[in-house]
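The residues making up each chain are set out below.
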Amino acid sequence: MWQQLFKKSLPVFFIHGLTFCGQFFISYIIAKQYSKDSFGLFSYYHSLLNLAVSVAGFGYINSVTRHVSRKKDHYQPKAILVTGALIYSAINLTYVVFCYYFGELSELLSLQLFFGSTLLFIITIINDGILRANENFAYASFGLKGIHLAYCILLLFFSMYHFFPSINMLTFFHNMLLLLLLGFSFWALSKANILGQHHPDKTLFVDSKYFWISSITTALAKYFDQIIIGAIDLSLLGDYKAVLIIFGGYEFVSLSLSFVLLPHLNRQKEQSMMSTHILLFSLAIVVSLGYLLFTRPLLAILYGNKYVVNDIYIYFLVLIGFLKILYILPSSLIGGRLSTLALRSHFFVSIVNSIVYLVLLSLLVASYQVIGVLIATFIHWFLRYISTMIICKKYST
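Because the structure is a prediction, the values reported are computed rather than measured.

**Re the overall build of the protein chain**
For step 1, the next point in the chain: Helix and strand counts for the protein chain come out as 15 helices and 0 strands.
For step 2, the next point in the chain: Looking at the 397 residues of the protein chain, the share that counts as buried comes to 56%.

Structure below.
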C-alpha cells in the first residue's frame, strides 16, 4: 500500500515543491522591491482572493472529490462544472461587495477579486474535484499550482528589465495567467477522458454544507490572520508576511500529503491510523527543528534590516506549522473515509472552533496586534487537531 502511495505521490511532491519555490520567489521579489505598504496590500488582496474560494464555494469542491472518488463513472464532469460555477458566482458576488464596503478595497481591486476568484474556483473544481478524485495527480497538481510557476516566470522577466508595475497591474497579470491555466485545465480534463452519466444529485449537496464550514474554518486559520493585520496596518502586515513566506514549507508538506491521502484512504479496506500518525509526528519534528535553527539567519540574508520580525513570531509559527502537519491524517480520514455522521460532527465542532477563534482575535488583537493574532491562531489549530482526532476515534470503531 505504502509503495503504491509513494509512487503516486512523487509527481505531487515534485510539482508542489516547484510551487513552493515559485511562491517563495514571488513573495521575495515583491517584498524586496516594493515598499512595506505595497507588499502588505499585495498580501492583503491575495488573502481575500483565497478566502473567497472557501467562503463562496459552499464546500462543493471537497464534496465532489469525496463522491467522485467513490464512483468514478457516476457524475458527468460538465454538469459538475456548470452547477458549481452557478452556485459560486451568486455567493461570490455578495462576498466581493462585502470586501468593497468593509474591506476598503478599491473599485478596480474589487473587480479583479471577483474575476480572479471565479477563475480560481473553476480551475479548482476541475483539478481538485474531478482529476484528483480520479487519481490523475500529475495533471491535477500542475493545474492547481501552475499559476505560481507562471507568475514566478513573469516576475523574473520583470526583474531582468527592472520593471515593477503597480499592485493593481500585478493583479491584472495574475488574472490573465489564471485564464491561461483555465485553458490548460480544460485540456487536461479532455485528455483524462472521464465519462459520466448522471448530473449532481442531492447527496452531493448534503455533504457539501459540512465541507463548507470545514473549508471556511481552514481558510480562516490560514488567511484571516493576514486579513485582520492588513486591516490594522498594511506596513505591519508587510513585516509579518516577510517571515510567513519562509514558513511556506509547512504548507508544502501538509498540502502535498493531504492531496493524496484523502482519495487514497477512501479506497482502503483497513488503515492503521497510529502508524501513519507516528510518521507524520516524526516528520513534523524534523521540519520544526529545521525552522528553529535556520529562520533567523535566512531573514538576515534575504531582507537585511528592512523588515522587523520578533523572535516570538518564529516560535509561534513553528508550533502552528507542527499542528498543521499532524492535522493531515484526521482531516483526510473524515473527508475521505468516514461516514456522513463524522462529517456532521466535524461540521458542528468547526463552527464552535471558529467562534472561539474569532472571539480570541477580537480580545487579543487590539492589545497585542501580531502576537495576539498568533496566540489565537495557535489555540485554534490546537483545538482543530484535538477535535478531529476525537471524531476519528469515535467513528472509526
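**Here we look at the environment of Val 243**
For step 1, the next point in the chain: Inspection of the secondary structure assignment puts Val 243 in helix H9 (residues 234-244).
For step 2, the next point in the chain: Setting aside chain neighbours within four positions, we find Val 243 in contact with Thr 295, Leu 299, Val 309, Tyr 313, Ile 314 and Leu 317.

**Overview of the confidence of the model for the protein chain**
For step 1, the next point in the chain: For the protein chain, per-residue confidence averages 78 on the pLDDT scale, and 79% of positions sit at 70 or higher.
For step 2, the next point in the chain: Looking at the elements of the protein chain, mean pLDDT is at its lowest for helix H3 (residues 60-70), recorded as 68, and at its highest for helix H12 (residues 311-326), recorded as 92.

**Overview of the packing of helix H2 (residues 36-56) against helix H4 (residues 77-102)**
For step 1, the next point in the chain: Look at H2 against H4: their axes get within 9 Å of each other, and the N-to-C directions meet at 135°. Between H2 and H4, the angle is such that the two are oblique. For the pair H2 and H4, the crossing hand works out as right-handed. Residues Leu 48, Leu 51, Ala 52, Val 53, Val 55 and Ala 56 of H2 pack against Ile 87, Tyr 88, Ile 91, Asn 92, Tyr 95 and Cys 99 of H4.
For step 2, the next point in the chain: Per-class residue counts for the contact of H2 with H4 are 11 nonpolar, 1 polar and no charged.

**A few points about the packing of aromatic side chains**
For step 1, the next point in the chain: Evaluation of the coordinates by the stated rule reveals 16 aromatic pairs.
For step 2, the next point in the chain: With centroids separated by 5.4 Å and ring planes inclined at 85°, the aromatic side chains of Tyr 327 and Trp 381 adopt a geometry described as edge-to-face. Of the two residues, Tyr 327 sits in the loop between H12 and helix H13 (328-336) while Trp 381 sits in helix H15 (residues 370-396), which places them 54 residues apart along the sequence. The pair formed by Tyr 327 and Trp 381 is uniform in burial state, with each residue classed as buried.
For step 3, the next point in the chain: Taken together through their ring pairs, the aromatic side chains of Phe 24, Tyr 28, Phe 39, Tyr 303 and Tyr 307 make up a single cluster.

**Focus: H2**
Along an α-helix, residues three or four apart share an orientation, since each turn contains 3.6 residues.
For step 1, the next point in the chain: For H2, which comprises 21 residues, the first-to-last C-alpha distance of 30 Å matches the rise-based estimate of 30 Å (1.5 Å per residue) to within 8%.
For step 2, the next point in the chain: For H2, a buried count of 15 out of 21 residues is recorded, marking the element as mostly surrounded by other parts of the structure.

**Observations concerning the pattern of salt bridges**
For step 1, the next point in the chain: Evaluation of the coordinates by the stated rule reveals 3 salt bridges.
For step 2, the next point in the chain: Lys 36 is the partner of Asp 239 in a salt bridge, and the nearest nitrogen-oxygen pair spans 3.0 Å. Of the two residues, Asp 239 sits in helix H9 while Lys 36 sits in helix H2, which places them 203 residues apart along the sequence.
For step 3, the next point in the chain: Given a relative accessible area of 9%, Asp 239 falls into the buried group.
For step 4, the next point in the chain: Between Arg 296 and Asp 311 there is a salt bridge, and its shortest N-O distance comes to 2.4 Å. Here Asp 311 lies in helix H12 and Arg 296 lies in helix H11 (residues 273-303), a separation of 15 residues in the sequence.
For step 5, the next point in the chain: Residue classification places Arg 296 among the partly exposed positions, given a relative accessible area of 37%.

**Describing unusual backbone geometry**
For step 1, the next point in the chain: Although it is not a glycine, Gln 369 adopts a positive phi angle of roughly 50°.
For step 2, the next point in the chain: Considering the arrangement of structural elements, one finds Gln 369 in the loop between helix H14 (340-368) and H15.
For step 3, the next point in the chain: Under the relative-accessibility criterion, Gln 369 is labelled partly exposed at 37%.

About the cut-offs
Residues numbered from 1 in each chain as written. Predicted model: local features only at pLDDT ≥ 70, side-chain atom pairs only at ≥ 80, totals over all residues. Heavy atoms only, no water. Helix = DSSP H or I, 4+ residues; strand = E, 2+ residues; numbered from the N terminus. Buried < 20%, exposed > 50% of the residue type's maximum accessible area, 1.4 Å probe, protein only. Contact = heavy atoms within 4.5 Å. pLDDT = per-residue confidence, 0-100. Axes fitted to C-alpha atoms, helices over the stretch in contact; angles between N-to-C directions. Parallel < 35°, antiparallel > 145°, perpendicular 65-115°, else oblique. Left-handed = near helix turned anticlockwise from the far one by under 90°. Nonpolar A, V, L, I, M, F, W, Y, C, P; charged D, E, K, R; others polar. Phe/Tyr/Trp six-rings, centres within 6.5 Å; stacked < 30°, edge-to-face > 60°. Expected span 1.5 Å × (residues − 1). Salt bridge = Lys/Arg side-chain N within 4 Å of Asp/Glu carboxyl O.

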